[in-house]
Amino acid sequence: MQVTALEWVITIAVILGLFVFDFFAHVRTPHEPTFRESGFWSAVYITLALAFGGVVAWRWGSTFAGEYYAGFVTEKALSVDNLFVFLIIMSTFAVPRIYQQKALLIGIVIALLMRGVFIAVGAAAISAFSWVFYLFGLFLVYTAVTLIRESGHEVEQEQKRDSRVVALTKRMLPTTDEYDGDKLVTRIDGRRAVTPLLLALLAIGFADLLFALDSIPAIYGLTEQPYLVFTANAFALMGLRQLYFLIGGLLDRLVYLSYGLAAILAFIGVKLVLHALHENTLPFINGGQQVAVPEISTPMSLGVILGVLVVATVASLIRTGATVRSKVDE
């Protein structure tokens, strides 16, 4: 897949332009988005993401378009799980609803920048060392196991991480417990002090760093093309703010989402290990020769990912629906 420098520049400019538009059109003036506004713009960004897959198919072929769609679906699913963490952070810091948009958008931009760095590092490592796929694969399997172990304890885990961020910040900077509109820094008795909104933003940024550690190896298990990895991540992050307000009340009903994501990460981890064996150069494995193992195709990967997400979502809604009905009956 050959991507020219001009195509990279145009793509990045368009993506940054969409974020700038989002800020001036929706975030600059603090307000709580309505359900209609959130739904409309969520649909717009998802449509743009799907349409970009058509551009990829037209420009580079259906194979790369399939890799993009598989990456986008995976990153979007991981992003929905991230929203639950954002919800915990907003609750922990008691961020007023009208100011949550600003924190979310800045946090999403930070996430995109950090993922850009991880994407570049990952691409360089893959091009230099094929055995990196072994590390990516094993790390994803480990992450899947961790997700299952922490399932049901997400609030406690996130609050522990947030408390560390707050404690470190308070040791380094003067802080205040009072909000001053949507300002990140305010003045108290002539001295600058960090507001809780900035603390929440730092917690979101730290969470984004952890998310990037999972998501970048995962998508490199679906495509080795840095351009597709970057665009899939960018389009998955776009509209995340609107999605937060659209389905925020439904997040607690997706009780099996973590299990579904764990299954997806484990599947991609196994796919990476199989790919590493197929491309093996390590002398202590099969004498440094390639190992004849089956490789998982992109259409199969996309089918498994979509299937797992559908099963996890339907099972969650059935479980929580039955719980709600039993409480009503009581």
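Note that this is a predicted model, so its numbers are computed, not measured.

Asker: It is not clear to me how the packing of aromatic side chains should be interpreted in this structure. Could you clarify?
Answerer: All told, the structure shown has 14 aromatic pairs when counted by the stated rule. Consider the rings of Trp-8 and Tyr-227, whose centres lie 5.1 Å apart with planes at 90°: the pair is edge-to-face. Of this pair, Trp-8 sits in helix H1 (residues 5-27) while Tyr-227 sits in helix H8 (residues 226-237), and the two are 219 residues apart along the sequence. Of the residues examined, Tyr-227 reaches a relative accessible area of 4% and is grouped as buried. Plain terms: the ring middles of Phe-23 and Phe-24 are 5.2 Å apart, the flat faces sit at 85° to each other, and that makes the pair edge-to-face. An aromatic cluster is present here, built from Trp-8, Phe-52, Trp-60, Tyr-68, Tyr-69, Phe-72, Tyr-227, Phe-230 and Phe-235 joined pairwise through their rings.

Asker: How should I be thinking about the pattern of salt bridges in this particular structure?
Answerer: In a structure, side chains of opposite charge can pair up when their charged atoms sit close to one another. Following the criterion strictly, the structure yields four salt bridges and no others. Asp-22 is paired through a salt bridge with Arg-241; the nearest N and O atoms lie 2.6 Å apart. With a gap of 219 residues between them, Asp-22 in helix H1 and Arg-241 in helix H9 (residues 240-247) connect regions that are remote in the sequence. Asp-22 gets classed as buried once you look at its relative accessible area, which sits at 4%.

Asker: Looking at this structure, I do not really get the packing of helix H3 (residues 62-92) against H9. What am I missing?
Answerer: Helix packing geometry: the angle between the two helix axes and the distance between the axes. Look at H3 against H9: their axes get within 10 Å of each other, and the N-to-C directions meet at 65°. For the element pair H3 / H9, the angle class is roughly perpendicular. By crossing handedness, the relation of H3 to H9 is classed as right-handed. Seen from H3, the contacting residues are Lys-76, Ser-79, Val-80, Leu-83, Phe-86, Leu-87 and Met-90; seen from H9, they are Leu-240, Leu-243, Tyr-244 and Ile-247. Classifying every residue of the contact of H3 with H9 by side-chain character gives nine nonpolar, one polar and one charged.

Asker: Is there a simple way to explain the layout of surface pockets in this structure?
Answerer: Over the atoms, a rolled probe matching the size of one water molecule traces out where space is still vacant. Space inside the second largest pocket adds up to approximately 440 Å³. Looking at the lining of the second largest pocket, the elements that each hand over two or more residues are helix H2 (35-60), H3, H9 and helix H11 (298-329). Here the lining of the second largest pocket takes six residues from H3, the largest share from any one element. Broken down by class, the residue content of the lining of the second largest pocket amounts to 14 nonpolar, one polar and one charged.

Asker: In this structure, what is going on with the side chain of Asn-233? I would like to understand it.
Answerer: By the secondary structure assignment, Asn-233 is in helix H8. For Asn-233, a relative accessible area of 0% puts it in the buried group. Polar side-chain contacts of Asn-233 include one of 2.7 Å to the side chain of Arg-115. Setting aside residues no more than four positions away along its own chain, Asn-233 makes contact with Glu-75, Arg-115, Ile-119, Ser-215, Ile-216 and Ile-219.

Asker: Looking at this structure, how should I read the environment of Asp-180?
Answerer: Along the polypeptide, Asp-180 turns up in the loop between helix H6 (154-172) and strand E1 (185-188). Judged by its relative accessible area of 28%, Asp-180 is partly exposed. In sequence terms Asp-180 and Gln-225 are 45 residues apart; their C-alpha atoms lie 44 Å from each other. For Asp-180, the side chain forms a polar contact with the side chain of Thr-186, separated by 2.7 Å.

Asker: For this particular structure, what's the right way to read the packing of H3 against H8?
Answerer: Relative to each other, H3 and H8 sit at 40°, their axes nearing to 8 Å. Taken together, H3 and H8 sit at an angle that is classed as oblique. With respect to the hand of their crossing, H3 and H8 are arranged in right-handed fashion. Here Phe-64, Glu-67, Tyr-68, Gly-71, Phe-72, Glu-75, Lys-76 and Ser-79 of H3 come into contact with H8, specifically with Leu-228, Thr-231, Ala-232, Asn-233, Phe-235, Ala-236 and Leu-237. Taken together, the residues that form the contact of H3 with H8 break down as eight nonpolar, four polar and three charged.

Asker: How should the pairing of strand E2 (residues 191-194) be read in this particular structure?
Answerer: Side chains on a regular strand alternate between the two faces of the sheet. As paired strands, E1 and E2 are joined by four bridges and run antiparallel to one another. Residue Arg-187 lies in a different strand from E2, and its bridge partner there is Arg-192.

Basis of the calculations
Here, residues in each chain are numbered from 1, in the same order as that chain's written sequence. Selection of residues for local features in this predicted model requires a pLDDT of at least 70, selection of side-chain atom pairs for listing and counting requires 80 or more, and totals for whole chains, interfaces and linings are taken over all residues. Each side-chain value is derived from all of the structure's non-hydrogen atoms; neither hydrogens nor water enter the calculation. Centres within 6.5 Å make a pair out of two Phe, Tyr or Trp rings, where for Trp the six-membered ring is used; the pair is then stacked when the planes are under 30 degrees apart, edge-to-face when over 60, and tilted otherwise. Under the DSSP-based scheme used, a helix requires at least four consecutive residues in state H or I and a strand at least two consecutive residues in state E, with every element numbered from the N terminus. For each residue, the accessible area found with a 1.4 Å probe, counting protein chains only, is set against the maximum for its type, and the residue is called buried under 20%, exposed over 50%, and partly exposed in between. For salt bridges, the criterion is a side-chain nitrogen of Lys or Arg within 4 Å of an Asp or Glu carboxyl oxygen. Simply put, an axis is a line fit to the C-alpha atoms, just over the touching stretch for a helix, and the angle between two N-to-C directions goes from 0 to 180 degrees. Each angle receives one of four descriptions, namely roughly parallel if under 35 degrees, roughly antiparallel if over 145, roughly perpendicular if within 65 to 115, and oblique otherwise. The hand of a helix crossing depends on one turn: near helix anticlockwise from the far one by less than a right angle means left-handed, and clockwise means right-handed. We call two residues in contact when some of their heavy atoms are within 4.5 Å. Charged means Asp, Glu, Lys or Arg here, nonpolar means Ala, Val, Leu, Ile, Met, Phe, Trp, Tyr, Cys or Pro, and polar covers whatever is left, Gly included. Using protein atoms alone on a 1 Å grid, points that fit a 1.4 Å probe yet trap it form a cavity, whereas open point sets bounded by protein on both sides within 12 Å along at least five of seven lines form a pocket; residues with an atom within 4 Å of a point count as lining. Grid points are joined across faces, edges and corners, and a volume is the space filled by probe spheres set on the points. The term polar contact refers here to a pair of N or O atoms within 3.5 Å; inside protein, the definition further demands a hydrogen-donor-capable atom paired with an acceptor-capable atom, and it admits residues adjacent in sequence only when both atoms are side-chain atoms. Only strands that DSSP links by at least two bridges are regarded as paired with each other.

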